[in-house]
Amino acid sequence: MQENQAMQNLPPYLFARIEKKVEEARMQGIDVINLGIGDPDQPTPQHIIDVMARSIHEPANHQYPSSVGLLRYREAVAGWYKRRFNVDLNPATEVISLLGSKEGIAHISFAYLDKGDINLVPDPGYPVYAIGTQLAGGISYIMPLTEENQYKPVLEDIPENVARQAKLMFINYPNNPTGAVADTGYYMKVVEFAKAFDILVCHDAAYSELAYDGYQSPSFLQVPGAKTVGVEFHSLSKTYNMTGWRIGWMAGNHDAVEVMGRFKSNVDSGVFQAVQYAGISALEGPQQTVAELQHMYQQRRDAAAAGMQSLGWSFTKPLGGFYMWVKVPRGYTSAQYCEMILEKAHVILTPGNGYGQYGEGYFRIALTVDTARITEAMRRIKAAL
Ligand SMILES: *Cc1c(COP(=O)(O)O)cnc(C)c1O
């Protein structure tokens with residue numbers, strides 16, 4: 001039996017080729033430094049693990065959870081938005097739990113697109129925006145993110161007939177992979193645009209709590225009118241080193257929350273309740289670990305920046321997220337350069353074209369290894385070049 005057209009068109013997993021090379025190198029006993037992984041290397045804070053350990057013994061948590069999440073969890077999300085952004089959310093109607101934000105980001109296209117409908121998708125970008133669109137039978141209209149536009153879609157460049165047909169618009173700040181941030185002034189323009197063309201804005205805020213040099217990421221929902229046109233996807237994954245736990249949320253527009261609830265109640269059965277209680281303790285417990293995490297990534301960023309400067313690489317120090325977006329030196333494609341560095345220095349960089357055509361000419365570094373390893377990676381690359 002042949003899989004459907006959308007699956008046939010699904011590109012091979014971005015990192016499959018790299019992983020094969022890494023495997024080969026490791027088999028030969030070579031120490032490979034992986035700067036490619038978008039997954040925190042630090043453990044989940046202890047107080048969250050403790051709540052999980054207690055909650056797992058509670059028989060009530062062994063049953064099917066509600067697919068929209070415990071009201072108590074949604075209240076914790078609403079409380080966090082109030083404290084962090086001064087955004088008011090009705091926990092009963094404006095918040096829904098997700099099995100990690102990736103799940104919701106992929107599924108929202110299934111709830112909103114008819115065959116051939118258009119989503120506005122940033123490029124380079126987190127691959128799930130375009131792949132969710134494709135699997136749902138929709139078409140991605142690419143919004144280029146370039147150095148010239150500070151990696152923010154230029155709304156005026158989107159043709160009116162495209163905007164009129166578009167259902168969803170994905171944006172993501174602090175941005176993966178470029179490290180760019182956006183301010184509320186930009187979000188205000190997005191709200192106006194979405195109102196004019198009846199588009200649901202989907203802001204992916206997975207990295208909002210990883211910010212440096214005193215920078216604080218705003219929420220899209222802070223902007224007046226945002227809740228009438230948009231939702232925010234968020235997750236405990238990056239803020240609390242909980243990528244394996246699979247818990248996130250979507251918040252904002254109540255119609256969209258209702259639609260997603262109806263969709264998800266037919267597809268999944270929600271987040272394990274013990275994990276939801278752990279999530280509550282993450283959001284309501286001490287936030288000192290978040291400050292420590294920021295400090296740690298900032299030191300790593302600065303160590304990487306120092307090494308990269310001495311290599312003559314061209315990049316901007318990011319204010320948020322845990323990625324650095326670097327220009328490929330002249331004479332190489334992204335893939336050629338990353339392969340050359342892997343072969344000569346045994347350091348893994350991620351080729352930018354894996355995030356879309358406008359990522360060609362760049363590579364991405366993830367700050368998910370410690371400062372000593374970052375410094376060692378830079379030393380090896382310098383020696384190899
Ligand atoms: C890591 C990441 C997420 C979070 O995914 P979860 O499913 O919540 O773990 C979402 N968006 C982007 C851009 C990411 O890099």
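Fair warning: this is a prediction, and the values are worked out from it, not measured in the lab.

J.: Which parts of the structure should I look at to understand the pairing of strand β3 (residues 118-123)?
T.: Burial runs high along β3: six of the six residues are buried. Residues of β3 alternate between two faces, with I118, L120 and P122 on one and N119, V121 and D123 on the opposite face, all of them buried. Here β3 runs beside strand β4 (residues 139-144); their pairing, made up of six bridges, is parallel. By the bridge assignment, L120 is partnered in β4 with Y141. With helix α6 (residues 128-135) bridging β3 and the parallel β4, this β-α-β connection has right-handed handedness. In this sheet, strand β5 (residues 166-172) lies alongside β3 in parallel orientation, the contact comprising three bridges. Residue pairing across strands places I118 opposite A166, the latter belonging to β5.

J.: Looking at this model, I keep getting lost on the site of the ligand. Mind explaining?
T.: The ligand sits among 14 residues. The nearest are D204, Y207, S237, K238 and R246. One of the side-chain nitrogen or oxygen atoms of N176 is found 2.9 Å away from an oxygen atom of the ligand. Separating an oxygen atom of the ligand from a side-chain N or O atom of S235 is a distance of 2.8 Å. Protein coverage of the free-state accessible area of the ligand, which is 390 Å², stands at 94%.

J.: Teacher, can you tell me more about a nonpolar patch on the surface here?
T.: Together, M7, F110 and L135 make up an exposed nonpolar region whose accessible area comes to about 240 Å². In this fold, L135 is placed in helix α6. What makes L135 partly exposed here is its relative accessible area of 32%.

J.: Help me understand the sheet that holds strand β7 (residues 230-235) in this model?
T.: The pairing of strands in a sheet happens through backbone hydrogen bonds and is either parallel or antiparallel. With respect to topology, seven strands assemble into an open sheet ordered β2-β8-β7-β6-β5-β3-β4, the strand pairing being mixed. Two strands in the sheet have a free side with no partner beyond their single neighbour: β2 (95-98) and β4. Sheet twist, expressed as the mean angle between neighbouring strand axes with direction ignored, is 25°. With respect to the sheet, helix α10 (residues 254-265) is in contact with β2, β6 (200-204), β7 and β8 (248-252), its orientation differing from that of β2 by roughly 35°.

J.: What's the story with the sheet that holds strand β12 (residues 362-366) in this structure? I'm lost.
T.: Strand order in the open sheet made by the three strands is β9-β12-β11, with antiparallel pairing throughout. Lying at the two open borders of the sheet, with one neighbouring strand each, are β9 (323-327) and β11 (350-351). Relative to β12, β11 runs antiparallel, the two sharing two bridges. Pairing of T350 across the sheet is with R364, part of β12.

J.: Would you mind showing me how to read helix α4 (residues 71-85) here?
T.: In an α-helix, one turn spans 3.6 residues, which is why side chains three or four residues apart end up on the same side. In this model, α4 (15 residues) spans 20 Å end to end at C-alpha, consistent with the 21 Å of a helix rising 1.5 Å per residue. Buried within α4 we find Y73, R74, A76, V77, A78, W80, Y81, R84 and F85. As for α4, its buried residues are in contact with β2, β7, β8 and α11 (273-284). Positive backbone phi, at 55°, marks N86, one or two positions downstream of α4.

J.: Sorry, what's going on with the packing of helix α12 (residues 288-311) against helix α14 (residues 371-384) here?
T.: Geometry of a packed helix pair, given as the angle between the helix axes and the separation of the axes. The geometry of α12 relative to α14 is characterised by a closest axis approach of 9 Å and an angle of 10° between their N-to-C directions. With respect to each other, α12 and α14 are oriented roughly parallel. The residues of α14 that touch α12, namely those facing Q299, R300, A303, A304, G307, M308, S310 and L311, are T371, I374, T375, M378, I381 and K382. Considering only residue class, the contact of α12 with α14 consists of seven nonpolar, five polar and two charged.

J.: What should I look at first to understand the side chain of E94 in this one?
T.: By secondary structure assignment, the location of E94 is in the loop between α4 and β2. Setting aside residues no more than four positions away along its own chain, E94 makes contact with D88, L89, K227, M250, A251, G252, H254 and V257.

J.: Can you walk me through the packing of aromatic side chains in this structure?
T.: Per the stated rule, a full pass over the model turns up 20 aromatic pairs. Measuring from ring centre to ring centre gives 5.5 Å for W80 and F85, while their planes differ by 85°; the resulting arrangement is edge-to-face. For the pair W80 and F85, one class covers both residues: buried. Both rings, one in W313 and one in F363, keep their centres 4.8 Å apart while their planes meet at 75°; by these two values the pair is edge-to-face. Residue W313 is found in the loop between α12 and β9, and its partner F363 is found in strand β12; the two are separated by 50 residues along the sequence. As far as the burial class goes, W313 and F363 line up, both buried. Pairwise contacts between aromatic rings join W80, Y81, F85 and W249 into one cluster. The residue whose ring lies beneath K152 is Y173, and the NZ or CZ to ring-centre distance is 5.8 Å.

J.: Help me out: how do you make sense of the environment of A106 in this one?
T.: Considering the arrangement of structural elements, one finds A106 in helix α5 (residues 101-112). Classification of A106 by relative accessible area gives partly exposed; the value is 22%. Excluding residues within four positions of it along the chain, A106 makes contact with V128 and G132.

J.: Would you mind showing me how to read the nonpolar core here?
T.: Considering soluble globular proteins, one finds that nonpolar side chains tend to be buried as a cluster. Counting residues in hydrophobic clusters, the biggest one holds 59 residues, and the most contacted among them are Y81, L120, M169, F193, Y240, W249 and L283. The two domains that each donate at least three residues to this core are domain 1 (5-43 + 288-384) and domain 2 (46-284). When near neighbours in sequence (up to four residues on either side) are disregarded, L283 contacts Y73, A76, V77, W80, R83, L236, Y240 and W249. Membership of the second largest hydrophobic core comes to 37 residues, among which are L35, A305, M308 and M324.

Definitions and limits used
Counting starts from 1 at the beginning of each chain's written sequence and moves along it residue by residue. Confidence filtering applies because this is a predicted model: local features only for residues at pLDDT of at least 70, side-chain atom pairs given and counted only at 80 or more, and all residues used for totals across whole chains, interfaces and linings. Hydrogens and waters are ignored; side-chain quantities use all the structure's heavy atoms. Relative accessibility thresholds used throughout: buried, under 20% of the residue-type maximum; exposed, over 50%; partly exposed, between the two (1.4 Å probe, protein chains only). Strands are runs of DSSP state E lasting at least two residues, helices are runs of H or I lasting at least four, and both sets are numbered from the N terminus onward. Criterion used throughout: strands pair if DSSP finds at least two bridges between them. Crossover handedness is defined here as right-handed if the route from the first strand over the helix to the second strand goes clockwise, with the strands pointing away from the viewer. We call a residue near a given molecule or strand whenever any one of its heavy atoms falls within 4 Å of it. As used in this structure description, the phrase polar contact means that two N or O atoms lie within 3.5 Å; if the pair is within protein, one of them must be able to donate a hydrogen and the other to accept it, and residues adjacent in sequence are counted only when both atoms belong to side chains. All accessible areas in this document rest on Shrake-Rupley with a 1.4 Å probe, and a residue is counted as covered only by the protein chains that are shown. Patch building starts from residues that exceed 30% relative accessible area and form no salt bridge, then joins like charges within 9 Å and nonpolar side chains (Val, Leu, Ile, Met, Phe, Trp, Tyr) within 5 Å. Counted as salt bridges are all cases of a side-chain nitrogen of Lys or Arg within 4 Å of a carboxyl oxygen of Asp or Glu. The axes are straight lines fitted to the C-alpha atoms, using for helices just the contacting stretch, and the angles between their N-to-C directions are given from 0 to 180°. Residue contacts follow a heavy-atom distance rule, with two residues in contact if any of their heavy atoms lie within 4.5 Å. An expected span of 1.5 Å times one less than the residue number is assigned to each helix. In this scheme, roughly parallel covers angles under 35 degrees and roughly antiparallel covers those over 145, while 65 to 115 is roughly perpendicular and the rest are oblique. In the scheme used here, Gly and all other residues not listed as nonpolar or charged are polar, with Ala, Val, Leu, Ile, Met, Phe, Trp, Tyr, Cys and Pro taken as nonpolar and Asp, Glu, Lys and Arg as charged. Aromatic rings from Phe, Tyr and Trp, with only the six-membered ring used for Trp, were paired whenever their centres fell within 6.5 Å, and each pair was classed as stacked if the ring planes differed by under 30 degrees, edge-to-face if by over 60, and tilted otherwise. Distance and angle both matter: a charge sits over a ring if NZ of Lys or CZ of Arg is within 6 Å of the ring centre and within 35 degrees of the ring normal. Here, the term nonpolar core denotes a set of buried Ala, Val, Leu, Ile, Met, Phe, Trp, Tyr and Cys residues that are joined through side-chain atoms within 4.5 Å. By convention here, the domain bounds are inherited from an automatic or database domain assignment.

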